[in-house]
Amino acid sequence: MLDIEDLAKSFGGVEAMRGVTLDFPASSLTAIIGPNGAGKTTFFNLISGHIRADRGRVVLNGEDVMGRSSLEIVRRGMARAFQVASIFPDMTMEDSLIAAVTARRGELFTLRRRAPLPAARDRAREILDTLGLSSRAGALSRNLSHGEQKLLDIGLALAVDPKVLLLDEPTAGMGAEERWRMIEKVHALWEGSDLTMIFIEHDMDIVFQIAQQINVLSYGKVLAQGTPEEIKRNQDVIDAYLGKDHHHAVAEDAR
Ligand SMILES: Nc1ncnc2c1ncn2[C@@H]1O[C@H](COP(=O)(O)OP(=O)(O)OP(=O)(O)O)[C@@H](O)[C@H]1O
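Predicted model only: the values in this text are computed from it and were never measured. Residue positions are given per chain, counted from 1 along the sequence in the order it is written. In view of the model being predicted, local features appear only for residues whose pLDDT reaches at least 70, and side-chain atom pairs are presented and counted only at 80 or more, with totals across whole chains, interfaces and linings using the full set of residues. Heavy atoms from the whole structure form the basis of all side-chain values; hydrogens and water molecules are not counted.

### Considerations on the confidence of the model for the protein
For step 1, the next point in the chain: Along the chain, pLDDT gives the predictor's confidence residue by residue, from 0 to 100. Summing up the model confidence of the protein, the mean pLDDT is 88 and the portion of residues at 70 or higher is 89%.
For step 2, the next point in the chain: Should any heavy atoms of two residues lie within 4.5 Å, those residues are counted as being in contact. Under a pLDDT of 50 for its full length, residues 247–255 has, in the predicted model, nine contacts with residues more than four places off or in other chains.

This is the structure in structure tokens:
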């Protein structure tokens, strides 16, 4: 579904991405992990067309989208959940989603229009239902909890009917309990769809619990790839990413 070949990017003297090759099969759920500054966000920025790579190929559904704008990439099926819900503080969850669905379908959405197209409303309600937000359909964005805003951001990305969905730290800024609720929803979303999902996550418990595949980046390179079990046992990961302090704990855990 998504093949990345030899992706590279420097910012001045900083080689943020140094020839990364990764593939993401259709309908897979993959975590990207790595220490601070490893290049995770840069990876998302490059493949989604938000910044231009120095070299490499990004093949989405058989088409090289390298050099295309972020909008063109969205239209070809790769969406990214951005923090956008907070930009529309006076819109309800449902209206925000109707607006996004309508825009995707190339129609003009105005809040004054009495009745949005039924298909857009149906799709918006479907998304709310998928994310377990139906009871909050009428809530204004400004009154949403942090977790609800994050879910709405995911919902707005879903409104473009993507094949590939990128989530940049979906649990950031949440307490332990809310984190798990969030990740359960993300997992359920993936299970109930044929989405190819890629998420950046710092919480190793979450990553090991839900990811099918894990890609570890370090200093702009792929340090390791594998299933959670493989990554737990990978000596390079234990040394370079988790640090010597974790060595024991992880090795014990892997037994
Ligand atoms: N726009 C930019 N200009 C200059 N340097 C940048 C820019 N974006 C990223 N970098 C540098 O590229 C490297 C990778 O950064 P990136 O944000 O991708 O890492 P990350 O793995 O997402 O880190 P974190 O976990 O802290 O979010 C870092 O050294 C960072 O300082």
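### A few points about the sheet that holds strand β1 (residues 2–11)
For step 1, the next point in the chain: Here the rule is simple: two strands pair whenever DSSP picks up at least two bridges between them. Here a helix means four or more residues in a row that DSSP labels H or I, a strand means two or more in a row labelled E, and each is numbered from the N terminus. Strands sit in the order β2-β1-β4-β5 across an open sheet of four strands; the sheet is antiparallel. Each end of this open sheet is capped by a strand with a single partner; those strands are β2 (14–24) and β5 (63–64).
For step 2, the next point in the chain: Pairing analysis gives five bridges linking β1 to strand β4 (residues 55–60), with the strands arranged antiparallel. Its bridge partner being in β4, Glu 5 is matched across the sheet by Arg 57.
For step 3, the next point in the chain: Note on geometry: axes are lines fitted to C-alpha atoms, helical ones only across the stretch in contact, with angles between N-to-C directions running from 0 to 180 degrees. Across the sheet, helix α1 (residues 40–47) lies against β1, β2 and β4, angled at about 115° from β1, the strand it touches most.

### Notes on the pattern of salt bridges
For step 1, the next point in the chain: Whenever a carboxyl oxygen of Asp or Glu lies within 4 Å of a side-chain nitrogen of Lys or Arg, that contact is scored as a salt bridge. This structure, assessed with the given rule, holds 18 salt bridges.
For step 2, the next point in the chain: In this structure, the salt-bridge partner of Glu 148 is Arg 136, at a minimum N-O distance of 2.8 Å. You can see Glu 148 sitting in helix α5 (residues 146–158) and its partner Arg 136 sitting in the loop between α4 (118–130) and α5, a full 12 residues away along the chain.
For step 3, the next point in the chain: We classify Glu 148 as buried; its relative accessible area is 15%.
For step 4, the next point in the chain: Working definition: with a 1.4 Å probe on protein chains only, accessible area under 20% of the residue-type maximum means buried, over 50% means exposed, and in between means partly exposed. By relative accessible area, Arg 136 is classed as partly exposed at 29%.
For step 5, the next point in the chain: We note a salt bridge from Arg 179 to Asp 203, for which the minimum N-O separation is 3.0 Å. Taken together, the residues Arg 179 in helix α6 (residues 176–191) and Asp 203 in the loop between β8 (196–200) and α7 (204–210) connect sequence positions 24 residues apart. As far as the burial class goes, Arg 179 and Asp 203 line up, both buried.
For step 6, the next point in the chain: Residues joined by salt bridges that share partners form a network here, namely Glu 63, Arg 68, Glu 72 and Arg 76.

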